[in-house]
Amino acid sequence: MANPNIVNGFKPVRHKDGTPYAGQHNLYYIPAADGTAIFIGDIVKHAGTSGAAATRVDGVDVEGMPAVIQAAAGDSALVGVVVGFYPRPDALGTRHRPASTAMIAMVADDRSLIFEVQEDSDTCTISAAEVGLNFDFIVAAGDADSGASGMEIDSSAEGTTTANLRLLRLVPRPGNAIGSNARWEVMILEHFDATPTGV
């Protein structure tokens, strides 16, 4: 039976030591100057700045809170994955961060986290022999209704050199098999906390 095609970005599932993921996150500021929409399941990177003095977003003081923006394939200083947003009192039904809107993101940013994500299977599919290799991800538009990310593993961008992700294993779930739209477990390689270089 074919794998279902359900694109929803990256979902934290557990830590490398086997500890279950229990919703832990830290808060990050997304400035209004950023013109790219951000969705739940998107990987974000450090923006090289933080909230200015006397700046409040949705009632929260963001002074000195590190800023993030959506990451792109090949980026470094990857902070983690968005798992939610602080609610906007004027738009409680909005489940993503619209472009050019100051918001606060909840980011699963522990570098030991393992994430589940679907492969894009555009020109090829990931094979059993490629487990353990490094891959980049692709960025596509998310779903404004569900708030879900459009990011996937780039199944044709594998290798042994530096890349965004380390492919760990196929998600062990009935109905998930190697082939088109397979779901995999990965870790972020180019994590902000994995390098001594600041931004």
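Residues numbered from 1 in each chain as written. Predicted model: local features only at pLDDT ≥ 70, side-chain atom pairs only at ≥ 80, totals over all residues. Heavy atoms only, no water.

Moving on to the sheet that holds strand β11 (residues 152–159). Read from one edge of the open sheet, six strands run β1-β9-β13-β12-β10-β11, paired in antiparallel fashion. Strand pairing shows two members of the sheet lacking a second neighbour, β1 (11–15) and β11, which therefore form its edges. On average, adjacent strands in this sheet sit at an angle of 45° to one another, irrespective of strand direction. In this structure, strand β10 (residues 134–138) lies alongside strand β12 (residues 165–170), joined through two bridges in antiparallel fashion. Residue N134 lies in a different strand from β12, and its bridge partner there is R166. (Pairing = 2+ DSSP bridges. Helix = DSSP H or I, 4+ residues; strand = E, 2+ residues; numbered from the N terminus. Axes fitted to C-alpha atoms, helices over the stretch in contact; angles between N-to-C directions.)

So, about the pattern of salt bridges. Scanning the entire structure with this criterion turns up seven salt bridges. For K45, the salt bridge is made with D75, and the minimal N-O distance between the two is 3.2 Å. Separated by 30 residues along the polypeptide, K45 in strand β3 (residues 43–50) and D75 in the loop between β6 (66–70) and β7 (78–85) bring together distant segments of the chain. Taken individually, K45 and D75 each receive the classification buried, so the pair is uniform in this respect. In this structure, a network of salt bridges that share partners links the residues R14, R169 and E185. (Salt bridge = Lys/Arg side-chain N within 4 Å of Asp/Glu carboxyl O. Buried < 20%, exposed > 50% of the residue type's maximum accessible area, 1.4 Å probe, protein only.)

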